[in-house]
Amino acid sequence: MKAYSNNKAKANLLSLAVAAVVAGQASVASADLGSDITEALKGGKAYGDFRLRYEMVDQDNALKDADALTLRSRLGYKTGEVQGFSGVIEFEDSRNVLGMDDYNNTQGKNTDYSVIADPETTEMDQGYIQYKNEMVTTKFGRQVLTLDNHRFVGHVGWRQDRQTFDAVTLNVTPMKDLSVQYAFLDQRNRILAEEADINSQDHLLNVGYKTPFGKLSAYAYLLENEDVEDDALDTYGLRFSGKTEVSSELKALYTLEYATQDKESAAGDNDADYMNLEAGAEFKGVTAKLGYEVLGSDDGAYGFTTPLATLHKFNGWADQFLGTPGQGLVDMSLTVSGKVAGVKLMAVYHEFEADEESNGVDDLGSELDLLVAKKFSDNYSGGIKYAAYSAGDDAAGKVDTDKAWLWMSAKF
């Protein structure tokens, strides 16, 4: 069913947040309410998060190699609580450093260079009112929202301008181990600065139940892009993921997920399926995992898509499949990770192919991803990451791509 839309009555959710807190204050009114609010403001906490990152992109095409040195600064304040109510205000800024900006930032600058999706921007990252009690947590306003493993809804935290949503969210835990999450999204604040934000009428429902062997989730994500005529995307799915202790040193890991999707657009309607199978083991601090993920195709004309996801986390760090090709995508992967002397090490290998061969496109290439990261304290961390994508013999539009990152982070 198409997600519900009411263009004439569309509300600004940030204004709704203000109205909500006023109503909340009225409901808990007392002679000392003003004093309580003052104490909540005084008892709040300021925080900051900074990340300096160098990124390089080298592609086997006519585009120039890209280099970027950017600093992402995030400053915020979280109030104390007044009878269950609290608030957060947070700003985020991304800047080029030392003039190292030889890259296409997706905003019309240096278009003869490869893309690095970190434009300069300053914006409100979060601004919401929250009410919380033992059973219910609800937020009104701009906020970070993630569901399950970020495959369908995430914050894209790898980019310097992370994704947030203007939303009303409700999280209810009616009984132990059972959670019900609902969100209405009025605007998708994407990773490419405010010019790329999308007005929407999105409804997200996710029900989770924790068992002794893992978490079972059922979800319905009904998306509607109001900036494009007749653009609706409805996805329904089930997911089970967990781990089981085989012995004191060995744990078995497993994930099984299936979803179906209907796409409505002015060009016509399409449908596709999604499947994800993972199996692995943890042994003496080392994790090895095999993955088989299928983003299905509708006769080679449409590929299963997840527009709200943390896409960088999936299908290779070289970001060659941020948009699913019409032929769909089959991603077979092997991941090995662990720690040596407190240093996190990870290697991931991907083999890509089309779900349905179309127009001669079948072999979509392979990729090797490597990571070395270290947390120096609760406040400081850093790392190096590398991705090498090799295009397949008939991977239409794809070229060999190397990407590398070096970063340092600090927070307080």
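Residues numbered from 1 in each chain as written. Predicted model: local features only at pLDDT ≥ 70, side-chain atom pairs only at ≥ 80, totals over all residues. Heavy atoms only, no water.

Topic: the nonpolar core
Leu 145, Phe 152, Val 153, Leu 185, Leu 204 and Leu 364 are the most contacted members of the largest nonpolar core, which has 38 residues in total. Sorting the residues of this core by element identifies strand E6 (164–175), strand E7 (178–189), strand E9 (214–224), strand E12 (268–283), strand E15 (343–358), strand E16 (361–375), strand E17 (380–390) and strand E18 (401–411) as the ones contributing at least two each. Not counting chain neighbours up to four residues away, the residues in contact with Phe 152 comprise Tyr 219, Tyr 221, Thr 235, Glu 257, Ala 259, Tyr 274, Phe 304, Thr 306, Leu 308 and Ala 309. Ranked by size, the runner-up nonpolar core spans five residues in total, among them Ala 66, Ala 68, Tyr 103 and Ile 116. (Core = buried A, V, L, I, M, F, W, Y, C linked by side-chain atoms within 4.5 Å. Buried < 20%, exposed > 50% of the residue type's maximum accessible area, 1.4 Å probe, protein only. Helix = DSSP H or I, 4+ residues; strand = E, 2+ residues; numbered from the N terminus. Contact = heavy atoms within 4.5 Å.)

Examining the UniProt feature "domain: Alginate export" (unreviewed entry) in the chain
Taking the numbering used here, the UniProt-annotated feature "domain: Alginate export" (unreviewed entry) corresponds to residues 49–287. End C-alpha atoms of residues 49–287 are separated by 29 Å, and the span's content is 0% helix alongside 67% strand. (UniProt positions renumbered as here; feature names shortened; annotations may be inferred.)

Considering the environment of Ser 114
Relative to the helices and strands, Ser 114 resides in the loop between strand E3 (85–102) and strand E4 (121–132). When the C-alpha positions of Ser 114 and Ile 191 are compared, they lie 17 Å apart, and in sequence the two are 77 residues distant. Excluding residues within four positions of it along the chain, Ser 114 makes contact with Val 57, Gln 59, Leu 63, Lys 64, Ala 66, Tyr 103 and Asn 104. A polar atom in the side chain of Ser 114 sits 2.8 Å from the side chain of Gln 59. (Polar contact = N/O pair within 3.5 Å; in protein donor to acceptor, adjacent residues only side chain to side chain.)

Some details on unusual backbone geometry
Positive phi values are uncommon outside glycine, yet Gln 83 reaches one of about 45 degrees. Residue position: Gln 83 is located in the loop between strand E2 (66–78) and E3. Even without being a glycine, Asp 319 presents a positive backbone phi close to 60 degrees. Looking at where Asp 319 falls in the secondary structure, it is placed in the loop between strand E13 (286–295) and strand E14 (329–340). Its relative accessible area of 16% is what places Asp 319 among the buried residues.

Examining empty space enclosed by the protein
Across all of its chains, the model carries two cavities of 30 Å³ or more by this definition. Volume-wise, the largest cavity comes out at about 70 Å³. Where the lining of the largest cavity is concerned, the elements lending two or more residues are E9 and strand E10 (232–245). Lining the second largest cavity, in full, are Arg 151, Leu 295, Thr 305, Thr 306, Leu 311, Asn 315, Phe 321, Leu 322, Thr 324 and Leu 329. Broken down by class, the residue content of the lining of the second largest cavity amounts to five nonpolar, four polar and one charged. (1 Å grid on protein atoms, 1.4 Å probe; cavity = no way out; pocket = protein on both sides within 12 Å on 5 of 7 lines; lining within 4 Å. Points joined across faces, edges and corners; volume = space filled by probe spheres on them. Nonpolar A, V, L, I, M, F, W, Y, C, P; charged D, E, K, R; others polar.)

Examining the pairing of E18
Strand direction decides the pairing type here: strand E1 (residues 45–59) and E18, joined by eleven bridges, are antiparallel. Of the residues in E18, the one forming a bridge with Arg 53 is Trp 407. Where E17 lies against E18, ten bridges are found, and the strand directions are antiparallel. Note on E18: the bridge partner recorded for Ile 384 is Leu 406. (Pairing = 2+ DSSP bridges.)

Remarks on a nonpolar patch on the surface
Residues Val 286, Leu 290, Leu 334, Val 336, Tyr 349, Leu 368, Leu 370 and Tyr 386 make up a contiguous nonpolar surface patch of roughly 650 Å² in combined accessible area. Looking at the nonpolar patch, the elements that each hand over two or more residues are E13, E14 and E16. Residue placement: Tyr 349 occurs in strand E15. Among the residues examined, Tyr 349 registers a relative accessible area of 35% and is labelled partly exposed. (Patch = residues over 30% accessible without salt bridge, like charges linked within 9 Å, V, L, I, M, F, W, Y side chains within 5 Å. Areas by Shrake-Rupley, 256 points an atom, 1.4 Å probe, with all protein chains shown as cover. Salt bridge = Lys/Arg side-chain N within 4 Å of Asp/Glu carboxyl O.)

Points about the environment of Leu 222
Relative to the elements of secondary structure, Leu 222 occurs in strand E9. Relative accessible area serves as the criterion here: at 13%, Leu 222 is assigned to the buried category. Sequence-wise, Leu 222 and His 203 are 19 residues apart; in three dimensions their C-alpha atoms are separated by 5.1 Å.

Concerning the packing of aromatic side chains
Applying the stated rule across the entire model yields 14 aromatic pairs. Centre to centre, the rings of Phe 152 and Phe 304 are 6.1 Å apart; their planes meet at 80 degrees, and the pair counts as edge-to-face. With a gap of 152 residues between them, Phe 152 in the loop between strand E5 (136–143) and E6 and Phe 304 in the loop between E13 and E14 connect regions that are remote in the sequence. Take Phe 152: its relative accessible area is 9%, and that puts it in the buried class. Classification of Phe 304 by relative accessible area gives buried; the value is 0%. (Phe/Tyr/Trp six-rings, centres within 6.5 Å; stacked < 30°, edge-to-face > 60°.)

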